[in-house]
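Read off the chains here:
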Amino acid sequence: MSQASDFEIRVVPSIQSIPVEDWNRILPSDAGPFLQHAFLSLLEETSLVTLELLWHSSHLALYSMADEKLLGVVPLYLKTHSYGEYVFDWSWAEAYAMNGLNYYPKALSAIPFTPATGSRILAKSVEHQEYLVNGLLQLLNQLNISSAHVLFPQSKDAELLDKAKFLRRESIQFHWKNHQFSNFDQFLATLTMKRRKNIKRERQQVQDAGISFLHVPGRQMTEEQVLFFYRCYAATYQERQSSPYLNQLFFQKWVEAMPDSLHFIFAQKENQSIAAALLVVDKAEKKAYGRYWGALEHHPCLHFETAFYQSIEYCIANQIEILEGGAQGEHKMARGFMPQTLCSYHYLTNPSFAEAVERFLDRERIGISAYRDDLDSRSPLRLGTSD
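Residues numbered from 1 in each chain as written. Predicted model: local features only at pLDDT ≥ 70, side-chain atom pairs only at ≥ 80, totals over all residues. Heavy atoms only, no water.

A. Broad picture of the pairing of strand 15 (residues 322-327). As paired strands, strand 10 (residues 167-177) and strand 15 are joined by 4 bridges and run antiparallel to one another. Bridge pairing in strand 15 places H175 opposite E324. Two elements, strand 14 (residues 287-295) and strand 15, share 3 bridges in a ladder whose sense is parallel. Note that in strand 15 the partner of Y289 across the bridge is E324. Chirality of the crossover, the property in question, places the unit of strand 14, helix 10 (residues 302-317) and strand 15 among those that are right-handed. (Pairing = 2+ DSSP bridges. Helix = DSSP H or I, 4+ residues; strand = E, 2+ residues; numbered from the N terminus. Right-handed = clockwise from strand over helix to strand, strands pointing away.)

B. Highlighting helix 11 (residues 351-377). The end-to-end C-alpha distance of helix 11 is 39 Å, a good match for the 39 Å that 27 residues give at a rise of 1.5 Å each. All of the buried residues along helix 11 are F353, A354, V357, L361, R365, I368, R372 and L375. Each element contacted by the buried residues of helix 11 is listed here: helix 3 (90-98), strand 10 and strand 16 (338-348). Its side-chain oxygen at 3.0 Å from the backbone nitrogen of S352, N350 defines the N-terminal cap of helix 11. (Expected span 1.5 Å × (residues − 1). Buried < 20%, exposed > 50% of the residue type's maximum accessible area, 1.4 Å probe, protein only. Contact = heavy atoms within 4.5 Å. Polar contact = N/O pair within 3.5 Å; in protein donor to acceptor, adjacent residues only side chain to side chain.)

C. Quick look at the environment of F166. Along the chain, the position of F166 falls in the loop between helix 5 (155-163) and strand 10. Setting aside its immediate chain neighbours within four residues, F166 contacts V133, L136, L137, A148, V150, L161, Y345, H346 and Y347.

Structure, rendered in structure tokens:
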């Protein structure tokens, strides 16, 4: 696509065309499970990010001109919609349309369907990362693309994007932190009396319903259990009269390809599974992500127990330090998940719209700050307890 004296940036239409060993060489040590070659290539292999679904894989790859060595990658998708992102820009698209302009296609650097923080500009040196950012901006001009969006990057990436005049947007997620708890009761002791009593009451309701729990590491999952989990996952979307982002084949292949990164939790009643949740685990970084949950039977507080309290029990038992609870969900705060401010970065090529969006984001950040202050004032933690 673009060239310098020593480097060339190319648009790669599939992660699968990059050898695994080359991909692994450019990954940062804290890349986590969602940036693994296996995960991103499975999204393509199982037809979840395809041109037909309006996710056009267009990854930016930086190569050495001298020896064709891969030096860096920005996972990138060209999209003609804004589904599956968890950062909402539909109003921007509407504003473009009202003024006779095309917002789509847009360029998106993110993990599809996954609101998890992580690196987005994958390279070992700042110089190579800067080439990739410049290459992304060149791509917008060459293909007449309205904008580029980098979602939930780590702080080192954010510094580069700030330097390149991307606009910063803030959002709130809720994360649980493990302060070296030995057991669940130690965690409860950090909460106010009201929150402790509420959690104990919710857990007791599930226990009184005769519901027990089975934890199954990914490596021990049977085909039958994977299929049951998918039924639960799909049921969550069906109840909202929408379609699941991920398909059954993806989960089957995910368990095969990355079993050590997956931990399943099954709720059982009378020896029959009735609900399930999935944790994606980064053991090296002592981090877990609460991703999916669903139930075929509904009981009071079953969601909280399966997706939150059992996940916290797992994290305590396995010395996991952070559990990311996913996008939105203020109800998580009452269960010990504390608000965290995350950022996304946006570059709009139209100067007038860039200025308008910048003013909008300035106002939005004031609102986010006030919301964060309000959340902090309603903290479930006892006075003197740090989050």
